[in-house]
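Analysis of the macromolecular model
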Amino acid sequence: RALMDIYGKVKSPLLNLDLPSWGINQDSKNDTSTEDTLGTPIKIGEIKLDFLADNIILHNLTGNRAQGTSTYIPQTVFSIENASLHSFGGQIHFTLKNQPRAGGDALSIVGKIDKMDIDSLFHSFNNFDQKTITSENISGKITADFQLLGVMQNNSLLNDSLRCISNIIVENGILKHF
């Protein structure tokens, strides 16, 4: 059976782009996602959706007024292009690409953060698994452009693999109990 490509537009009150919650394992070698009404396996070639959502979930990042384009090609790529959403009291614009490879998925995110609450950002991402400066120690608004590269295994980012290039401005920043 030929691969099925799905293209469309989605407008939703809630969009969950967290692949494991869909029951999709990016590392799986099985590209049969479901069966049609006759029980014949459907093999997915590509799913590409332009989205507009009142609320969005993407791993640790949740937000509202989200838009962008999501692409999923089994065993090849999951990406979100030209995305924007409001989160943590500010806004983020980004492009994300997650590609399976031996040793874990290669993850790259390029984007811009505009006036987000830095303590909420740190708290949501578990203080980026460090204890030097935590959500309890910092407040203010962060604006940044960034390029983030890393490796994900079992739906978790490997901190040893994380590389980030960024220009950061913290407005009204306060270090507390430090």
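Residues numbered from 1 in each chain as written. Predicted model: local features only at pLDDT ≥ 70, side-chain atom pairs only at ≥ 80, totals over all residues. Heavy atoms only, no water.

Right, let's get into the overall build of the protein. Looking only at helices and strands, the protein features 1 helix and 10 strands. The secondary structure elements of the protein, listed N-terminal to C-terminal, are β-β-β-β-β-β-β-α-β-β-β. Looking at the 178 residues of the protein, the share that counts as buried comes to 36%. Sequence separation of 24 or more characterises 54% of the internal contacts of the protein that already satisfy a separation of 6 or more. When the accessible area of the protein is evaluated, it comes to approximately 10500 Å², of which 53% is carbon and sulfur surface. (Helix = DSSP H or I, 4+ residues; strand = E, 2+ residues; numbered from the N terminus. Buried < 20%, exposed > 50% of the residue type's maximum accessible area, 1.4 Å probe, protein only. Contact = heavy atoms within 4.5 Å. Areas by Shrake-Rupley, 256 points an atom, 1.4 Å probe, with all protein chains shown as cover.)

Counting 32 residues, the largest nonpolar core has Leu17, Phe51, Ile80, Phe94 and Leu96 as the members making the most contacts within it. For this core, the secondary-structure elements that each account for two or more residues are β3 (41–58), β4 (61–73), β5 (77–87), β6 (90–99), β7 (105–117), α1 (118–124) and β8 (138–153). When residues in this core are grouped by element, the largest group, 7 residues, is from β3. (Core = buried A, V, L, I, M, F, W, Y, C linked by side-chain atoms within 4.5 Å.)

The sheet contact formed by β3 and β4 spans 11 bridges and is antiparallel. For leucine 58, the partnering residue across the bridge sits in β4 and is leucine 61. The turn joining β3 and β4, which pair antiparallel and follow one another in sequence, is formed by 2 residues; a positive phi near 55° is taken by histidine 59. Where β4 meets β5, 7 bridges bridge the pair, whose relative direction is antiparallel. Its bridge partner being in β5, threonine 71 is matched across the sheet by serine 79. In this antiparallel pair of consecutive strands, β4 and β5, the connection spans 3 residues, and glutamine 75 shows a positive phi of 60°. (Pairing = 2+ DSSP bridges.)

This next bit is on the environment of isoleucine 92. Considering the arrangement of structural elements, one finds isoleucine 92 in strand β6. Looking at isoleucine 92, the relative accessible area reads 7%, which means it is buried. When the C-alpha atoms of isoleucine 92 and isoleucine 113 are compared, they prove to be 4.5 Å apart, with 21 residues separating the residues in sequence. Residues within four places of isoleucine 92 in sequence aside, it is in contact with Ala83, Ser84, Leu85, Lys112, Ile113, Met116 and Phe146.

Looking now at the pattern of salt bridges. Scanning the entire structure with this criterion turns up 1 salt bridge. Note that lysine 141 and aspartate 117 form a salt bridge whose closest N and O atoms lie 2.7 Å from each other. Here the residue lysine 141 occupies a position in strand β8, and aspartate 117 occupies one in strand β7, the gap between them amounting to 24 residues. Residue aspartate 117 is classed as partly exposed on the basis of its relative accessible area, which comes to 23%. (Salt bridge = Lys/Arg side-chain N within 4 Å of Asp/Glu carboxyl O.)

What follows is about the side chain of threonine 71. Within the element layout of this structure, threonine 71 appears in strand β4. For threonine 71, a relative accessible area of 5% gives the class buried. In contact with threonine 71, other than residues within four places in its own chain, are Glu46, Ile47, Lys48, Val77, Phe78, Ser79 and Glu81.

With that out of the way, let us pick up the environment of aspartate 5. The residue aspartate 5 is located in strand β1 (residues 4–16) in this model. Classification of aspartate 5 as partly exposed rests on a relative accessible area of 42%. Through-space distance from the C-alpha of aspartate 5 to that of isoleucine 44 is 6.2 Å; in sequence the pair is 39 residues apart. Not counting residues up to four positions away in its chain, the partners in contact with aspartate 5 are Gly45 and Glu46.

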